[in-house]
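The lines below spell out each chain.
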Amino acid sequence: MRRAFACLTLLALTTAPALAQDVDQGRALFQTHCATCHGADAKGQGPLAGALVLQPIDLTALASRHGGAFPLERVLKRIDGTDPLVSHGSPMPVYGPYFEGVANTPMKLPSGQPVLVSEPIADLVGYLQSLQGSD
């Protein structure tokens, strides 16, 4: 019975579209945890940007810098700390423990591969996706 439930859960994750993220919550998370370096407008000019070894990039142009496709997997790895940046002096994000949470929110990579992330990460990524192409 347990195995059947696990199979049904995996099937649901692989066939269902990504759940809608709460963009407003993602915006609030960004302003609280990211804007000091990336800027309130996410264009890389936050008040602490000058103190970083590597200058923050314009997060509103992630898709355009990747051939028009939002680099979901790379963004997820940067936020959850599995692909850290040295410019932060510690694994990104500085507020990593907040974003850890329970990985129970499904997202689908462009390859179709499902990935489970915490709700705060899904919300933050939803907000970043909403910024693509903004001037």
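Criteria and cut-off values
- Residues numbered from 1 in each chain as written.
- Predicted model: local features only at pLDDT ≥ 70, side-chain atom pairs only at ≥ 80, totals over all residues.
- Heavy atoms only, no water.
- Salt bridge = Lys/Arg side-chain N within 4 Å of Asp/Glu carboxyl O.
- Helix = DSSP H or I, 4+ residues; strand = E, 2+ residues; numbered from the N terminus.
- Buried < 20%, exposed > 50% of the residue type's maximum accessible area, 1.4 Å probe, protein only.
- Polar contact = N/O pair within 3.5 Å; in protein donor to acceptor, adjacent residues only side chain to side chain.
- Arc of directions from axis to C-beta.
- Pairing = 2+ DSSP bridges.

The next point concerns the pattern of salt bridges. With the rule as written, the count across this model stands at 2 salt bridges. In this structure, the salt-bridge partner of Asp24 is Arg27, at a minimum N-O distance of 2.7 Å. On the criterion of helical spacing, the pair formed by Asp24 and Arg27 is a turn pair, its members being 3 residues apart in helix α2 (residues 23-33). For Arg27, a relative accessible area of 36% gives the class partly exposed.

Glycine aside, residues mostly have negative phi angles, and peptide bonds mostly take the trans form. With phi around 65 degrees, Ala42 is a residue other than glycine that occupies positive phi space. Residue Ala42 is classed as buried on the basis of its relative accessible area, which comes to 0%.

This part takes up the environment of Thr60. Tracing the backbone shows Thr60 in the loop between α3 (35-38) and α4 (62-65). Only 3.5 Å separates the side chain of Thr60 from the side chain of Lys43, close enough to count as a polar contact.

So, about helix α5 (residues 72-80). Those residues of α5 that sit buried are Leu72, Val75, Leu76, Arg78 and Ile79. End-on view of α5: buried residues confined to an arc of 165 degrees, all on one side of the axis. Directly after α5, the chain includes Gly81, whose backbone phi takes a positive value near 90 degrees.

Moving on, we get to the pairing of strand β2 (residues 114-118). Note: strand β1 (residues 103-108) against β2, 5 bridges, orientation antiparallel. Each residue of the ladder has a partner; that of Lys108, found in β2, is Pro114. Between the antiparallel neighbours β1 and β2 lie 5 residues, among them Gly112 with a positive phi of about 95 degrees.

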